[in-house]
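Architecture and fold: a report
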Amino acid sequence: MPSFFRSARIVFLLLLALALGAPSQASAKKAAAPEPEPEPQAMVLANRGHQDLVAIRILSGEAAGFARTDLAPGDEDEIENPGGVAEIRMDLGLSLARWTKVNLAGVRGLALCGEHENCLIVQDEGGAERHLQGTAESLLPGKDAVPACSLEGFRTGMTMKDACGLLKKYDVMEEDTFLAPMGFANIVWSARLYANRENAASLGDAVLESVELRQKLDEDNIRAVLKTVERQKYVAWQAAFPGMELTFTEMQNYSADDCEEILELCLSAFLKSGRGSATIQFVPASLMQALSSLELPRGDTQIYSLILHEDSSTMTLDMTAYSFEELQLQ
């Protein structure tokens, strides 16, 4: 019986007892509040591997739990332990790893192992660790693969059907998160498509909220992205490197060529260091004047965010579009 109706029944019985006289001890015991449900157990999720731990999904019986973690190598976080015997899936950016029949009873920690391939470390309450062997599926095709479908950009109202048609092969981590290979800048990426299926007749009609592309971090891939966004008449708006933040709309005394040279120097120094993360945001060149005067764009706007992860040797290109109405609410 739902707790709402149980509580209503208890109140009714108490009122009836008061009307008839003092309740007996037995009646009082029956009217006692139900015992509170036990607090869910927590466990530590650690990334001891060499890849980004983007997300985790735990299937335990009929219950499914999902967490977007974004753990770089060496990071950790706390997640809920559902208990029971579970299947665990980890999104590692460029691959999807699975472990089946993992007994989570009494487990206080899970860790992605960096010493063995497809290895999960399970730590019990006493601190003892056991290593479990799993399987992994690459989210990228072969080295010389040509993109079967490509995105040229992202716009507000874009649907799954618009993104190269309805993808025939994809993995699902969360209900509305789809993983599939996709092309951009003549490179095949591991793509994550975040779809909103509210009011959609089919998956193909689901509106995309954002697209996230991942690839291996190397200079050729970076140059390919920079050339593509330049061809689309996009320019760097903001950039963040370890210990340094740049906003190019505030550099009034520098020409566009000067800003490009500054960005190139920072990027080269970052890649040479081999550590940390960097982010570069690109907007249409036609918006720079409005952004420099803190004015809102007068139409829908797409932003590219290029994120470089040296610690995991991966790069992420995030595509997000904002409608004029959304920008007014910011």
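Now for a description of the structure that goes with this document. (Residues numbered from 1 in each chain as written. Predicted model: local features only at pLDDT ≥ 70, side-chain atom pairs only at ≥ 80, totals over all residues. Heavy atoms only, no water.)

A few words on the overall build of the protein. Within the protein one finds six helices and 19 strands. Taken across its 330 residues, the protein has 42% of its residues classed as buried. For the protein, the proportion of contacts with a sequence separation of at least 24, taken over those separated by at least 6, is 59%. (Helix = DSSP H or I, 4+ residues; strand = E, 2+ residues; numbered from the N terminus. Buried < 20%, exposed > 50% of the residue type's maximum accessible area, 1.4 Å probe, protein only. Contact = heavy atoms within 4.5 Å.)

Attention now goes to the side chain of H309. Tracing the sequence through the fold places H309 in strand β18 (residues 301–309). A distance of 3.2 Å separates the side chain of H309 from the side chain of T316, its partner in a polar contact. Residues within four places of H309 in sequence aside, it is in contact with D52, L217, G276, S277, T314, M315 and T316. (Polar contact = N/O pair within 3.5 Å; in protein donor to acceptor, adjacent residues only side chain to side chain.)

Once that is clear, we can look at the packing of aromatic side chains. Aromatic rings considered in pairs are described by the distance between their centres and by the relative angle of their planes. Following the criterion strictly, the structure yields three aromatic pairs and no others. When the ring of F241 is compared with that of F270, the centres are 6.1 Å apart and the planes differ by 55°; the resulting orientation is tilted. One end of the pair, F241, is in strand β15 (residues 234–241); the other, F270, is in helix α4 (residues 256–273), and 29 residues separate them in sequence. Here F241 and F270 have matching classes, each one buried. (Phe/Tyr/Trp six-rings, centres within 6.5 Å; stacked < 30°, edge-to-face > 60°.)

What follows deals with the side chain of T320. With respect to the secondary-structure elements, T320 resides in strand β19 (residues 314–322). Under the relative-accessibility criterion, T320 is labelled buried at 15%. Polar contacts involving the side chain of T320 include one to the side chain of D318, which spans 2.8 Å. Excluding its chain neighbours within four sequence positions, the residues that come into contact with T320 are F154, E209, S210, T301, Q302 and I303.

Turning to unusual backbone geometry, a few remarks are in order. It is generally the case that most residues other than glycine have a negative phi and that most peptide bonds are trans. In this model, D70 sits at a positive phi of 50°, which is unusual for a non-glycine residue. The topology assignment puts D70 in strand β3 (residues 63–71). The phi torsion at A185 lies on the positive side, around 60°, for a residue other than glycine. Summarising the element assignment, A185 is placed in the loop between β12 (177–184) and β13 (187–196). Owing to a relative accessible area of 15%, A185 belongs among the buried residues under this scheme.

Applying the stated criterion across every chain, the model contains twelve salt bridges. A salt bridge links E87 to R98, with the shortest nitrogen-to-oxygen separation between them at 3.9 Å. Residue E87 is found in strand β5 (residues 85–91), and its partner R98 is found in strand β6 (residues 95–103); the two are separated by eleven residues along the sequence. A relative accessible area of 24% places R98 in the partly exposed class. Linked by salt bridges that have partners in common, D52, R68, D70, E212 and R214 make up one network. (Salt bridge = Lys/Arg side-chain N within 4 Å of Asp/Glu carboxyl O.)

Attention now goes to α4. Along its 18 residues, α4 runs 26 Å from first to last C-alpha, staying within 8% of the 26 Å computed at 1.5 Å per residue. Taken residue by residue, α4 has C259, L263, C266, L267 and F270 as its buried positions. Down the axis of α4, the buried side of the element spans an arc of 100°, and every buried residue falls inside it. Across α4 from its buried face, at more than 90 degrees, point the exposed residues D257, E261, L265 and K272. Looking at the buried side of α4, the elements it contacts are α3 (219–231), β15, β16 (244–247), β17 (277–284) and β18. Following α4 by one or two positions, G274 adopts a phi angle in the positive range, close to 75°. (Expected span 1.5 Å × (residues − 1). Arc of directions from axis to C-beta.)

Let's shift gears to the sheet that holds strand β8 (residues 119–124). Whenever strands of a sheet pair, they do so through backbone hydrogen bonds, lying parallel or antiparallel. The strand order across the open sheet built from five strands is β4-β1-β7-β8-β9, with neighbouring strands paired in mixed fashion. Each of the sheet's edge strands pairs with one partner strand only, and the pair in question is β4 (76–81) and β9 (129–133). Neighbouring strand axes in the sheet, compared pairwise and without regard to direction, differ in orientation by 25° on average. One ladder, built from five bridges, connects strand β7 (residues 107–112) with β8; its direction is antiparallel. Among the inter-strand pairings, L110 is bridged to a residue of β8, identified as V122. (Pairing = 2+ DSSP bridges. Axes fitted to C-alpha atoms, helices over the stretch in contact; angles between N-to-C directions.)

Pairing is antiparallel in the open sheet, where five strands are placed in the order β3-β2-β5-β6-β10. At either margin of the open sheet sits one strand with a lone partner, and together these are β3 and β10 (135–138). Each strand of the sheet is rotated relative to its neighbour by a mean of 15°, with strand direction disregarded. Relative to β5, strand β2 (residues 53–60) runs antiparallel, the two being bridged by six bridges. Counted as the bridge partner of I58 is I88 from β5.

Right, let's talk about α3 for a bit. Between its first and last C-alpha atoms α3 spans 18 Å; for 13 residues at 1.5 Å apiece the expected length is 18 Å, and the two agree. Taken residue by residue, α3 has N221, I222, V225, L226, T228 and V229 as its buried positions. All buried residues of α3 fall inside an arc of 165° around its axis, so they share one side. Facing away from the buried side of α3, by more than 90 degrees, are the exposed residues D220, K227, E230 and R231. Near the N-terminus of α3, the side chain that reaches the backbone nitrogen of D220, with its oxygen 3.2 Å away, is that of D218. Once α3 finishes, K233 follows within two positions and takes phi at roughly 65°, a positive value.

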